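Listed below are the residues making up each chain.
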Amino acid sequence: MSRQIGEVILDLKQVSLSFGGVKALTDISFDVREHEIRAIIGPNGAGKSSMLNVINGVYRPQLGEIILRGQHFSKMNPYKAAKAGISRTFQNIALFKGMNVIDNLMTGRNLKIRSNLIQQAFWWGAARREELAHRAKVEEVIDFLEIQHIRKTPVGRLPYGLQKRVDLGRALAMEPSILLLDEPMAGMNVEEKQDMCRFILDVNDQFGTTIVLIEHDMAVVMDISDRVVVLDYGKKIGDGEPDAVRANPDVISAYLGASH
Amino acid sequence: MLYRENGQFKTSYAADQQIFPIAQDRWAIIGILVFAFVAVPLLVDEYLFRAILIPFLILSLAALGVNILVGYCGQITLGAGAFMAIGAYAAYNFHIRIEGMPLLVSLLLGGFTTAVVGIFFGIPSLRVRGLYLAVATLAAQFFTDWVFLRIPWFTDNSSSGSVSVSNLHVMGWQINNPVSKYLFCLGFLTIFALLAKNMTRSAIGRQWMAIRDMDVAAEVIGIRPLFAKLSAFAVSSFFIGTAGALWGFVHLASWEPAAFSVDRSFQLLFMVIIGGLGSIMGSFFGAAFIVILPIALNQILPVVGDLTGIEISTAGISHAELIIFGGLIVFFLIKEPHGIARLWSTGKEKLRLWPFPH
Ligand SMILES: Nc1ncnc2c1ncn2[C@@H]1O[C@H](COP(=O)(O)OP(=O)(O)OP(=O)(O)O)[C@@H](O)[C@H]1O
Ligand SMILES: [Mg+2]
């Protein structure tokens with residue numbers, strides 16, 4: 001492998017999040033190292049999605065802190081997270097249904113746009129040049145994900161598996177340094193899962209992107225991740241390399257035992 | 001020539017990003033523009049200009065504005081009529097208060113003023129949506145009625161807010177007969193439609209659509225809802241305000257606040273629903289439809305009445321108009337939210353494959 005796992009890039013400290021009376025996360029701490037693939041697993045309702053939502057500021061935890069590249073954020077918000085190079089996909093695909101594949105991916109370039117509204121209205125100078133440059137970049141992502149044949153299709157008309165791929169494409173178009181993936185393979189058939197696995201590994205390998213991945217398929221998780229966090233009822237019950245986690249008795253009883 | 005894109009291979013992204021990537025469409029639009037600018041003024045009589053063409057052009061411009069906000073950005077407005085009033089009265093004030101103010105500048109300043117007011121009335125969209133937002137924008141209507149009826153300064157101390165303008169000209173060109181008014185409005189609409197098209201195919205347009213389709217995901221990729229929504233309100237209001245200024249100056253020449261009632265707001269909303277939400281072309285279809293329908297019914301229904309022996313009164317005709325609008329809106333909302341524009345593009349899609357549908 002060409003990638004080299006680096007220092008801690010993202011560090012979560014004692015994060016607690018509750019919705020009214022429901023404690024979604026209780027005192028969770030873990031870190032993510034640069035270039036690694038970090039999995040989060042756990043039974044349904046364990047708080048995995050909430051964890052991702054905390055990382056990129058969609059949810060505000062009541063307690064705890066996020067340290068990103070040494071910078072402390074007690075209040076993260078989605079815009080700051082995006083600026084800091086975090087992008088993500090969603091468990092329930094959240095594509096822009098009325099737009100085609102190219103436009104969905106082009107929205108991922110939004111933060112890199114420098115031209116202003118007036119220039120864009122006149123399709124002038126910087127606006128025109130940017131549109132071309134970003135289109136070229138987006139086409140690279142399209143080639144990478146092998147979705148050339150659907151580039152002009154409105155995403156609402158695509159089958160589920162392809163929508164998931166476009167969702168990944170939009171996140172990749174941001175050229176993120178940290179990519180959060182919420183069950184990217186859920187609901188896919190074996191072949192689609194294999195493709196998705198390959199894309200995730202390629203992203204990690206070729207671009208050095210750090211990946212935080214939620215996945216239910218244990219075989220996949222054990223196969224592709226460097227380290228695994230296990231959540232159960234909002235608490236962390238395991239953390240470490242796949243083999244160690246698999247051997248952890250708490251994990252076996254709480255998670256593996258419960259779902260099999 | 002058949003409607004085909006065979007053999008028209010795009011070899012660059014620039015070619016693929018043209019407004020009309022298919023050659024036949026480009027020729028068609030050039031043909032329409034030549035027809036509209038050259039042939040129509042030679043062929044059409046005064047009545048048609050005054051009753052149909054000029055209202056169609058100006059309302060298309062306003063519908064474009066409404067479509068940017070409602071169709072592209074997914075917000076709702078019942079304030080379009082009020083914003084037309086603001087555009088008209090603001091342009092009027094710039095025009096009469098500043099000595100030697102060029103007409104074009106007055107009209108555009110009317111648009112800019114409306115944009116500023118539009119941003120203000122767009123602020124509630126950051127917290128509320130749907131019905132609540134509709135009510136908030138409706139407040140604009142009461143606000144403008146009150147301002148233009150009660151504050152005499154805005155209407156040059158005229159009674160009941162009625163004002164008039166005369167002697168319109170642009171760089172020596174007198175805009176005093178139906179043909180010149182038509183060409184003046186057509187010029188405005190052509191340029192504004194091009195600007196709208198450019199915005200909707202650039203980053204700003206994608207921001208609006210992203211907010212419309214999935215606002216959480218939009219935030220996560222770094223789109224700020226505040227900027228996206230308020231810019232949509234600003235641009236939309238700019239278009240609507242400019243249309244209002246044209247309506248007052250060019251179409252009516254003298255007007256009072258009642259010329260921009262809440263009926264106008266609903267009419268514009270119906271135009272974009274019937275014409276096609278989120279489509280530039282749809283704004284034109286909708287405006288054409290709503291301008292022509294009453295006139296067509298006026299012509300057709302009495303004939304139908306004569307043939308069938310049923311007496312149809314004028315009131316009957318205007319009731320028929322409302323019934324047809326109502327029915328169509330329900331039809332389009334349920335069956336085809338993208339309106340006539342979508343029917344049109346489905347038709348073209350079929351034509352591309354014709355005569356072999358598979
Ligand atoms: N927006 C919200 N409002 C209220 N409760 C929420 C919200 N989001 C999550 N929760 C609650 O927090 C808990 C954790 O939910 P979360 O979606 O993070 O679980 P998960 O591990 O992703 O589950 P799954 O495997 O089903 O996706 C659940 O009890 C859920 O009901
Ligand atoms: Mg989840």
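Residues numbered from 1 in each chain as written. Chains lettered and ligands numbered in written order. Predicted model: local features only at pLDDT ≥ 70, side-chain atom pairs only at ≥ 80, totals over all residues. Heavy atoms only, no water.

Observations regarding the overall build of chain B
So the rule is basically this: Numbering of helices and strands runs from the N terminus, with a helix taken as a DSSP run of H or I at least four residues long and a strand as a DSSP run of E at least two residues long. Here the radius of gyration uses the C-alpha set of atoms, whereas the globule reference equals 2.2 Å times the residue count to the power 0.38. Burial here depends on accessible area, computed with a 1.4 Å probe over protein chains only, as a share of the maximum for the residue type. Under 20% is buried, over 50% is exposed, and the range in between is partly exposed. Contact criterion: two residues are considered in contact whenever any of their non-hydrogen atoms come within 4.5 Å of each other. Neither His nor the chain ends is counted toward charge; the positive residues are Lys and Arg and the negative residues Asp and Glu. Charge placement uses NZ in Lys and CZ in Arg. For Asp and Glu, CG and CD serve respectively.
Helix and strand content of chain B: 14 helices and four strands. For 358 residues, the compact-globule estimate of 2.2 N^0.38 gives 21 Å, and chain B sits close to it at 21 Å. Principal-axis analysis of the C-alpha atoms gives chain B an extent of 70 × 65 × 45 Å. Residues classed as buried in chain B amount to 49% of the 358 residues present. The contacts in chain B between residues at least 6 apart in sequence include a share of 74% that link residues at least 24 apart. Positive and negative side-chain charges of chain B, numbering 21 and 18 respectively, have mean locations separated by a distance of 11 Å.

Quick notes on the pairing of strand β8 (residues 210-214) of chain A
Residue and element names in this part refer to chain A. This is how it is decided: Strands pair, by our definition, only if DSSP identifies at least two bridges between them.
Among the five residues in β8, five count as buried, and that is most of the element. Burial along β8 is two-sided: Thr210, Val212 and Ile214 facing one way and Ile211 and Leu213 facing the other are all buried. Where strand β3 (residues 37-41) lies against β8, four bridges are found, and the strand directions are parallel. Paired with Ile37 across the strands is Ile211, a residue of β8.

Considerations on the interface of chain A and chain B
What counts here: Throughout this description, the term salt bridge denotes a Lys or Arg side-chain nitrogen within 4 Å of a carboxyl oxygen of Asp or Glu. Identification of polar contacts relies on pairs of N or O atoms within 3.5 Å, with a donor-acceptor requirement for protein atoms, meaning one able to donate a hydrogen and the other able to accept it, and with residues adjacent in sequence counted only if both atoms are side-chain atoms.
Of the residues lining the interface, 34 residues belong to chain A; the matching set on chain B comes to 30 residues. Linking chain A with chain B are three salt bridges. When the shortest N-O distance is used, the salt bridge between A:Arg135 and B:Asp16 registers 2.8 Å. Between chain A and chain B we count nine residue pairs in polar contact (both at pLDDT 80 or more) in total. When residues of the side of chain A that touches chain B are traced back to their parent elements, those giving at least two are α2 (78-83), α3 (101-107), α4 (117-121) and α5 (126-144) of chain A.

Examining the pattern of salt bridges
Evaluated as defined, the whole model comprises 25 salt bridges over all chains. Residue B:Arg206 pairs with A:Glu131 through a salt bridge whose shortest N-O separation is 2.6 Å. Separated into two different chains, B:Arg206 in helix α8 (residues 203-213) and A:Glu131 in helix α5 make up a pair that spans both. Exposure class is identical for B:Arg206 and A:Glu131. Each is buried. For B:Asp215, the salt bridge identified is with B:Arg129, shortest N-O distance 3.0 Å. Taken together, the residues span a long stretch of sequence, with B:Asp215 in helix α9 (residues 215-220) and B:Arg129 in the loop between α5 (103-122) and α6 (131-150) at a distance of 86 residues.

Comments concerning the packing of helix α4 (residues 80-97) of chain B against helix α10 (residues 225-252) of chain B
Residue and element names in this part refer to chain B. Stated formally: Angular values range over 0 to 180 degrees, each being the angle between N-to-C directions of two axes fitted as lines to C-alpha atoms, with helices fitted over their stretch in contact. Handedness of each helix crossing follows the sense of rotation of the near helix against the far helix: counterclockwise by less than a right angle gives left-handed, clockwise gives right-handed. Here the term charged refers only to Asp, Glu, Lys and Arg, the term nonpolar to Ala, Val, Leu, Ile, Met, Phe, Trp, Tyr, Cys and Pro, and the term polar to all other amino acids, Gly among them.
At a closest axis distance of 7 Å, the pairing of α4 and α10 adopts a crossing angle of 65 degrees. Classified by chirality, the crossing of α10 by α4 is right-handed. Touching Ala80, Phe83, Met84, Gly87, Ala88, Ala91, Tyr92 and His95 of α4 are Ser237, Ile240, Gly241, Ala243, Gly244, Ala245, Trp247 and Phe249, all from α10. Residue classes in the contact of α4 with α10 are distributed as eleven nonpolar, five polar and no charged.

Section: the coordination of the magnesium ion (ligand 2)
Rules: Think of the donor list as every N, O and S atom within 2.8 Å of the metal, or within 3.2 Å for Na, K and Ca; water never makes the list, so a site can look incomplete.
Every protein donor of the magnesium ion (ligand 2) is listed here as A:Ser49 (OG) and A:Gln91 (OE1), and their distances to the metal cover 1.9 to 2.1 Å. Remark: A:Gln91 occurs in the loop between β6 (86-88) and α3 and A:Ser49 occurs in helix α1 (residues 48-55); sequence separation between them is 42 residues.

Considerations on the packing of helix α3 (residues 46-72) of chain B against helix α7 (residues 178-200) of chain B
All names here are of chain B. How we decide: The labels follow the angle: roughly parallel below 35 degrees, roughly antiparallel above 145, roughly perpendicular from 65 to 115, and oblique for the rest.
With their axes 10 Å apart at the nearest point, α3 and α7 run at an angle of 20 degrees to one another. Classified by the angle their axes make, α3 and α7 are roughly parallel. For the pair α3 and α7, the crossing hand works out as left-handed. Residues Glu46, Phe49, Arg50, Leu53, Ile54, Leu57, Ile58, Ser60, Leu61, Leu64, Ile68 and Tyr72 of α3 form the contact with α7, whose participating residues are Pro178, Val179, Lys181, Tyr182, Cys185, Leu186, Leu189, Phe192, Ala193, Ala196 and Thr200. Of the residues belonging to the contact of α3 with α7, the class tally is 18 nonpolar, two polar and three charged.

Some words on the domain arrangement of chain A
Residues and elements named next belong to chain A. As a reminder, the rule being used: Each domain's extent was defined by an automatic or database domain assignment. The term buried area refers to how much accessible surface (probe radius 1.4 Å) is lost by two components on association, counted for both of them together.
Partitioning chain A into domains gives domain 1 (1-85 + 176-260) and domain 2 (95-175). Relative to domain 2, the C-alpha centre of domain 1 lies at a distance of 26 Å. Across the boundary between the two partners, domain 1 contributes 22 residues, which contact 13 residues of domain 2. Both sides of the domain 1 and domain 2 interface together cover about 1,400 Å² of buried area, and 73% of this is carbon and sulfur. Looking only at domain 1, the three residues that lose the most surface to domain 2 are Pro176, Met196 and Phe199, adding up to 36% of its buried area. For the pair domain 1 and domain 2, the number of links is two salt bridges.

Considerations on a positive patch on the surface
Quick note on the threshold: Patches were defined on residues exceeding 30% relative accessible area and lacking a salt bridge, with like-charge contacts within 9 Å and nonpolar side-chain contacts (Val, Leu, Ile, Met, Phe, Trp, Tyr) within 5 Å. In short, Shrake-Rupley with a 1.4 Å probe defines the accessible areas, and a residue's cover is counted only from the protein chains shown.
A grouping of A:Lys83, A:Lys112, A:Arg114 and B:Arg224 is seen on the molecular surface, where their side chains present a positively charged patch. Tracing the backbone shows A:Lys112 in the loop between α3 and α4. Overall, A:Lys112 belongs to the partly exposed group, its relative accessible area being 31%.

Focus on the site of ligand 1
Residues and elements named next belong to chain A. We apply this condition: Residue proximity to a molecule or strand is established when one non-hydrogen atom of the residue lies within 4 Å of it.
The full set close to ligand 1 counts 14 residues, and Gly45, Lys48, Ser49, Ser50 and Gln91 are the nearest of them. At a separation of 2.7 Å, an oxygen atom of ligand 1 approaches a polar side-chain atom of Gln91. If you list the elements that add at least two residues to the shell around ligand 1, you get β2 (22-33) and α1. Ranked by the residues each element gives to the shell around ligand 1, the list is headed by α1, at three residues.

Things to note about unusual backbone geometry
All names here are of chain A. With a phi angle near 45 degrees, Gln14 is a residue other than glycine that sits in the positive phi range. Considering the arrangement of structural elements, one finds Gln14 in strand β1 (residues 8-19). For Asp27, which is not glycine, the phi dihedral falls at a positive 50 degrees. Topologically, Asp27 is positioned in strand β2.

A few points about the sheet that holds β8(A)
All names here are of chain A. With respect to topology, six strands assemble into an open sheet ordered β6-β7-β8-β3-β9-β10, the strand pairing being mixed. Edge strands, defined here as strands with exactly one partner in the open sheet, are β6 and β10 (235-240). Strand-to-strand twist across the sheet, computed as the mean angle between neighbouring axes with direction ignored, equals 15 degrees. Pairing of strand β7 (residues 178-182) with β8, which is carried by five bridges, proceeds in the parallel orientation. Across the sheet, Leu179 pairs through a bridge with Ile211, a residue of β8. In this fold α1 packs onto β3, β6, β7, β8 and β9 (227-232), with an angle of close to 150 degrees to the strand it touches most, β7. Along the sheet, helix α7 (residues 190-207) contacts β3, β7 and β8; its crossing angle with β8, the most-contacted strand, is approximately 155 degrees.

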